[in-house]
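# Coordinates in review
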Amino acid sequence: MRFFGAPKLPSAPVARIEKPAATIKRLTADIAATAEEHTARYGNKWIGSRCGDWACVATDGHRALLVRDADGLPKRVKPWKINKLPKPNDPHAVFSDPEMLNGLRRLAQMTKDEKLRSVKFTVQPQAGQIVMNIKTCECQGDETYPCESPIPMQFALDPDFVMPLMGTWPLRLYFTDDASPVIFIPATRRREFMYVVMPIKI
């Protein structure tokens, strides 16, 4: 971990370790807080949309939360648009260190004054690690954590979109290219939710 001019966090927050239901609740509320413009333009037509046996419960146009246990939702005719639903055996990365949240918080502090907030994620399979990196005109820094993956990956995301996700561990990460979304799914037997985020082109 290297920092140059990075501000310190106001306190030492405890990393979250919680059940998937708590993560779903927080993500739903976080997406709803930024969904007003998207809802005003498109309405709620995507809420309840099905993608296989998944149903969309929240979206703000940049990200979406889909869950499996959504039998109470209306079944919309229009399906949720994902080019390919990830299967458990598709190439993916797995990370499980709850301290990743605090690392991402530190990097997010460095970008708080930037118009376009972006953290670059690099999965290095040979080293068995994932590196989160930020570089601005005033400072730069990186955070490194253990990660298992058969393939390398590199993408950038808004840290405000990723921090609410971190609470259920371990997590599986699926990514193909900049034109496709980054998909996070708990590495649990039930795979309780799917969090879909569009990457920032780098």
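Residues numbered from 1 in each chain as written. Predicted model: local features only at pLDDT ≥ 70, side-chain atom pairs only at ≥ 80, totals over all residues. Heavy atoms only, no water.

The predicted model of the chain averages 84 in pLDDT, with 82% of residues at 70 or higher. Here residues 1-6 is modelled with pLDDT under 50, and outside its nearest four sequence neighbours on either side it reaches 19 contacts, counting other chains as well. (pLDDT = per-residue confidence, 0-100. Contact = heavy atoms within 4.5 Å.)

Across seven bridges, the pairing between strand β7 (residues 129-135) and strand β8 (residues 140-146) is antiparallel. Bridged to Met 132 within β8 is Glu 143. Between β7 and β8, which follow one another and run antiparallel, lie four residues. (Pairing = 2+ DSSP bridges. Helix = DSSP H or I, 4+ residues; strand = E, 2+ residues; numbered from the N terminus.)

What follows deals with unusual backbone geometry. Cis geometry marks the peptide bond from Trp 169 to Pro 170; its omega dihedral reads -5°. Tracing the backbone through its elements, the reader meets Pro 170 in the loop between α4 (159-162) and β10 (171-174). In this structure, Arg 191 takes a positive phi of about 50° despite not being glycine. Its place among the elements puts Arg 191 in the loop between β11 (182-186) and β12 (193-197).

So, about the sheet that holds β11. The seven strands lie next to each other as β2-β3-β4-β12-β11-β10-β5, forming an open sheet whose pairing is antiparallel. Looking along the sheet, the strands with just one partner apiece sit at the ends: β2 (50-51) and β5 (93-95). Summarising the sheet, strand β4 (residues 63-67) and β12 pair through five bridges and their orientation is antiparallel. Bridged to Val 67 within β12 is Phe 193.

This brings us to the packing of aromatic side chains. In this description, a pair of aromatic rings is defined by centroid distance and the angle of the planes. Going through the model one piece at a time under the given rule, you end up with five aromatic pairs. When the ring of Phe 95 is compared with that of Phe 184, the centres are 6.5 Å apart and the planes differ by 80°; the resulting orientation is edge-to-face. In this pair, Phe 95 sits in strand β5 while Phe 184 sits in strand β11, placing the two residues 89 residues apart along the sequence. The exposure classification of Phe 95 matches that of Phe 184, with both residues buried. On the basis of an interplanar angle of 35° and a centroid distance of 6.4 Å, the ring pair of Phe 184 and Tyr 195 is categorised as tilted. (Phe/Tyr/Trp six-rings, centres within 6.5 Å; stacked < 30°, edge-to-face > 60°. Buried < 20%, exposed > 50% of the residue type's maximum accessible area, 1.4 Å probe, protein only.)

Counting residues in each nonpolar core, the largest one holds 40 residues, and the members touching the most others are Phe 121, Leu 173, Phe 184 and Tyr 195. Ranked by the residues each element gives to this core, the list is headed by helix α3 (residues 100-110), at six residues. Once residues within four sequence positions are removed from consideration, Leu 173 is found in contact with His 92, Ala 93, Phe 95, Val 123, Met 153, Phe 155, Val 182, Ile 183 and Phe 184. (Core = buried A, V, L, I, M, F, W, Y, C linked by side-chain atoms within 4.5 Å.)

A word on the side chain of Asp 158. Summarising the element assignment, Asp 158 is placed in the loop between β9 (153-157) and α4. Side-chain polar atoms of Asp 158 contact the backbone nitrogen of Asp 160, separated by 2.8 Å. Not counting residues within four places of it along the chain, the set of residues in contact with Asp 158 comprises Arg 117 and Ile 200. (Polar contact = N/O pair within 3.5 Å; in protein donor to acceptor, adjacent residues only side chain to side chain.)

Attention shifts here to the pattern of salt bridges. For the coordinates displayed, the defined rule picks out five salt bridges. The shortest N-O distance in the salt bridge between Asp 30 and Arg 63 comes to 2.7 Å. In this pair, Asp 30 sits in helix α1 (residues 20-32) while Arg 63 sits in strand β4, placing the two residues 33 residues apart along the sequence. Of the residues examined, Asp 30 reaches a relative accessible area of 26% and is grouped as partly exposed. The class of Arg 63 is buried, set by a relative accessible area of 3%. (Salt bridge = Lys/Arg side-chain N within 4 Å of Asp/Glu carboxyl O.)

Counting buried residues in β9 gives four out of five residues, a clear majority hidden from the surface. Sheet topology places strand β6 (residues 119-124) next to β9; five bridges connect them, and they run antiparallel. By the bridge assignment, Lys 120 is partnered in β9 with Ala 156.

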